[in-house]
Amino acid sequence: MELLSCALLGRSAGMQENITGQMALSDIRVLDLSRILAGPSATQILGDLGADVVKIENPNGGDDTRGWGPPFIETPDGERAEAAYFACCNRNKRSVTLDFNQPADLENLKKMVCAADILVENFKAGSLQKFGLDYDSLSALNPRIIYCSITGFGHSGPYTNRPGYDFLIQGMGGLMSITGQADGTAGAEPMKVGVAICDLFTGLNAVSAILAALHYRNRTGSGQHIDCALLDSQTAMLANQASNWLNCGFTPERMGNAHPSIVPYRVFAVSDGHVIVNCGNDAQFARLTATLNIPEMANDNKFQTNEARCENRTLTDQLLSDALASWKKDDIIKKLEAVNVPCGPINDIPSLFLDPQLKARELEVALDRSDGAVFKGVAFPPKFSKTPARYQNPPPQLGADNQQIFDDWDIK
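What you see is a predicted model; the values in this text were computed from it and never measured. (Residues numbered from 1 in each chain as written. Predicted model: local features only at pLDDT ≥ 70, side-chain atom pairs only at ≥ 80, totals over all residues. Heavy atoms only, no water.)

Summarise the overall build of the chain; cite the residues concerned and give the values.
Broken down by element type, the chain carries 15 helices and 13 strands. Seen along its three principal axes, the alpha-carbon backbone of the chain occupies a region of about 85 × 50 × 40 Å. By the burial criterion, 46% of the 412 residues in the chain qualify as buried. Taking as baseline every contact in the chain between residues at least 6 positions apart, the subset at least 24 positions apart corresponds to 69%. With an accessible surface of roughly 20,900 Å², the chain has 53% of that area assigned to carbon and sulfur atoms. Averaging the locations of the 36 positively and 48 negatively charged side chains of the chain gives two centres separated by 3 Å. (Helix = DSSP H or I, 4+ residues; strand = E, 2+ residues; numbered from the N terminus. Buried < 20%, exposed > 50% of the residue type's maximum accessible area, 1.4 Å probe, protein only. Contact = heavy atoms within 4.5 Å. Areas by Shrake-Rupley, 256 points an atom, 1.4 Å probe, with all protein chains shown as cover. Lys, Arg positive; Asp, Glu negative; His and termini not counted. Charge placed at Lys NZ, Arg CZ, Asp CG, Glu CD.)

Summarise the sheet that holds strand E9 (residues 265-270); cite the residues concerned and give the values.
With antiparallel pairing, 3 strands are arranged side by side in an open sheet as E9-E10-E11. At either end of the open sheet lies a strand with only one pairing partner, and these are E9 and strand E11 (343-344). (Pairing = 2+ DSSP bridges.)

Give a description of the sheet that holds strand E5 (residues 93-97) that names residues and reports values.
Taken in spatial order, the 6 strands make up an open sheet running E5-E2-E1-E6-E7-E8, and their pairing is parallel. Each of the sheet's edge strands pairs with one partner strand only, and the pair in question is E5 and strand E8 (224-229). Taken over all neighbouring pairs, the strand axes of this sheet differ in orientation by 20 degrees on average, direction set aside. Docked against the sheet, helix H3 (residues 103-115) engages strand E1 (29-33), strand E2 (52-57) and strand E6 (118-121), running at close to 140 degrees with respect to E1. (Axes fitted to C-alpha atoms, helices over the stretch in contact; angles between N-to-C directions.)

Residue-level account of helix H9 (residues 282-291), with values.
Listed as buried for H9 are Gln284, Phe285, Leu288 and Thr289. Buried residues of H9 fall within an arc of 135 degrees about the axis and therefore sit on the same side. Positioned one or two residues after H9, Asn293 has a phi angle of 65 degrees, which is positive. (Arc of directions from axis to C-beta.)

How would you summarise the nonpolar core if you had to cite specific residues and measurements?
If you look at the biggest cluster of nonpolar residues, it comprises 32 residues, and the most contacted ones within it are Leu46, Ile118, Cys148 and Ile150. Every element with two or more residues in this core is listed here: helix H1 (38-48), E6, strand E7 (146-151), helix H6 (197-220), E8 and helix H7 (230-236). Top contributing element to this core by residue count: H6, with 8 residues. Non-local contacts of Ile150, meaning those with residues more than four positions away in its chain, are made with Ala38, Gly39, Val120, Glu121, Asn122, Thr202, Ala206, Cys228 and Leu230. In this structure, Leu31, Leu109, Cys114 and Tyr135 belong to the second largest nonpolar core, which totals 28 residues. (Core = buried A, V, L, I, M, F, W, Y, C linked by side-chain atoms within 4.5 Å.)

How would you explain the state of the cysteines if you had to name every residue and give the values?
Covalent bonding between the sulfur atoms of two cysteines defines a disulfide. Going through the model one piece at a time under the given rule, you end up with 0 disulfides. Unpaired in terms of disulfides, Cys89 finds its nearest cysteine sulfur in Cys88, a separation of 3.9 Å. Cys89 sits in the buried class, given a relative accessible area of 1%. (Disulfide = S-S within 2.5 Å.)

With reference to specific residues and values, describe the pairing of E9.
Two faces make up the sheet, and in a regular strand the side chains alternate between them. Two elements, E9 and strand E10 (residues 273-278), share 6 bridges in a ladder whose sense is antiparallel. Bridge pairing links Tyr265 to Asn278 in E10. In sequence, E9 turns back onto E10 through a hairpin of 2 residues.

Which residues make up the packing of aromatic side chains, and what are the values?
According to the stated counting rule, one finds 6 aromatic pairs in the structure shown. For the ring pair Phe100 and Phe123, a centre distance of 6.0 Å and an interplane angle of 40 degrees mean the geometry is tilted. Taken together, the positions of Phe100 in the loop between E5 and H3 and Phe123 in the loop between E6 and helix H4 (135-141) put the pair 23 residues apart, joining distant regions of the chain. One exposure class covers both Phe100 and Phe123, and it is buried. Seen in terms of ring centroids, Phe100 and Phe131 are 5.6 Å apart; in terms of plane orientation they differ by 65 degrees. Their pairing is edge-to-face. Pair noted here: Phe100 is in the loop between E5 and H3 and Phe131 is in the loop between E6 and H4, with a separation of 31 residues, a long-range link. In this structure, Phe100 and Phe131 share a single accessibility class: buried. Members of the aromatic cluster, each reached through a chain of ring pairs, are Phe100, Phe123 and Phe131. (Phe/Tyr/Trp six-rings, centres within 6.5 Å; stacked < 30°, edge-to-face > 60°.)

I'd like a rundown of the packing of H1 against H6, residues and numbers included.
H6 packs onto H1 with a crossing angle of 45 degrees between their chain directions and a minimal axis gap of 8 Å. With respect to H6, the axis of H1 lies oblique. For the pair H1 and H6, the crossing hand works out as right-handed. Along its contact with H1, which presents Ala38, Ser41, Ala42, Ile45 and Leu46, the element H6 presents Asp199, Leu200, Gly203, Leu204, Ala206, Val207, Ile210 and Leu211. Looking at the contact of H1 with H6 residue by residue, the classes come out as 10 nonpolar, 2 polar and 1 charged. (Parallel < 35°, antiparallel > 145°, perpendicular 65-115°, else oblique. Left-handed = near helix turned anticlockwise from the far one by under 90°. Nonpolar A, V, L, I, M, F, W, Y, C, P; charged D, E, K, R; others polar.)

Run through the layout of surface pockets, naming residues and quoting values.
Volume-wise, the largest pocket comes out at about 1,300 Å³. If you go around the largest pocket, you meet 37 residues; those closest to its centre are Cys88, Val195, Leu200, Phe353 and Val378. Breaking the lining of the largest pocket down by element, the ones donating at least two residues are H1, helix H2 (84-87), H6, helix H13 (349-354) and strand E13 (374-378). For the lining of the largest pocket, the residue count by class is 26 nonpolar, 6 polar and 5 charged. Approximately 840 Å³ is the volume attributed to the second largest pocket. Surrounding the second largest pocket, 40 residues form its lining, Arg35, Ile36, Asn122, Phe123 and Lys124 being those nearest its centre. (1 Å grid on protein atoms, 1.4 Å probe; cavity = no way out; pocket = protein on both sides within 12 Å on 5 of 7 lines; lining within 4 Å. Points joined across faces, edges and corners; volume = space filled by probe spheres on them.)

Describe unusual backbone geometry, with residues and values.
Looking along the chain, the bond that leaves Gly69 and enters Pro70 is cis, with omega of 10 degrees. Following the sequence through the fold, Pro70 ends up in the loop between E2 and strand E3 (72-74). Cis geometry is found at the peptide bond from Val263 to Pro264, where omega equals 0 degrees. When you line up the elements, Pro264 lands in the loop between helix H8 (239-248) and E9.

Right under this line is the structure:
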């Protein structure tokens, strides 16, 4: 096979004509070789910020999450489209199908690498080397390429070859040891979070690293390899709980909805449901007790400071529980909000998307696809004053953009 020359595969002069508006990343091309959630969530963010993201998929079914249902999205005529799972992290992308075992497909992918700025992949460590798709091989073709690898355990260390899944990492990474009801209470056992949070943490870390690498490349002209591991990301996200151990030798445990260092900071039962009340300082606690008509608590040495309340956690929680039990949820939330005591309801997902705050922030977006399917999703959270996120392309049908991409990227 003839050695590729990236100099012959530069960007077409009309590339910018395909970009709607001037987005923060409108001059950036991304090859997305990732599947499932961590990698696709990262590349979706890049797409939301204007990058031209091309999702490279195996012709035989593509990304597994296309079929991770129920539930499935349907077209107006009742035909099944992709699973809702796939829709959560694959908007603002175009799909190209390539089989790495086919020499012509592999050659086209390497040509695309020469025209790309970023490549994101989440294959098992070392498995792309046999195709010449590892960083060392591709950086020889395109020294400017920023190559981001996402794996469970990274490209070094004794666990390198282990498969890594979010649930497994939540357990291994300490998160489940501090999530769930405390030992000795009903339903006590280690508990995972309700979404694949390790995948999402890692995707966010990948985006941060990619943008830093882009900044470095702007100064030096040099790309680099980024090695992102789910276990590393989860460990970093232990935050104060990791610090409690590393600095004080304190082993965090499961505490249900309580906080290890702040009291009160938990769920309380009221007459028609539950509310969350958390006081981050002593002034908030004083306003809480005044509203509940137990102001003497704020002046009692057992409750006067957060440290004292932590030492008397059980008594503090019991007295507040008794005082809150007769209140209705909406009434106590209104009262506490009026005196600037942090509180709120526990929304289910439908209630969340009816919340006027979410509507004001335009957190729900919808995209129509040519087959009639409508894909709804959550907007990119940060708001930009000059280069806001865009929502242009719905999650693509498998291989729908092969020829268009080759034309746009001048792949011959």
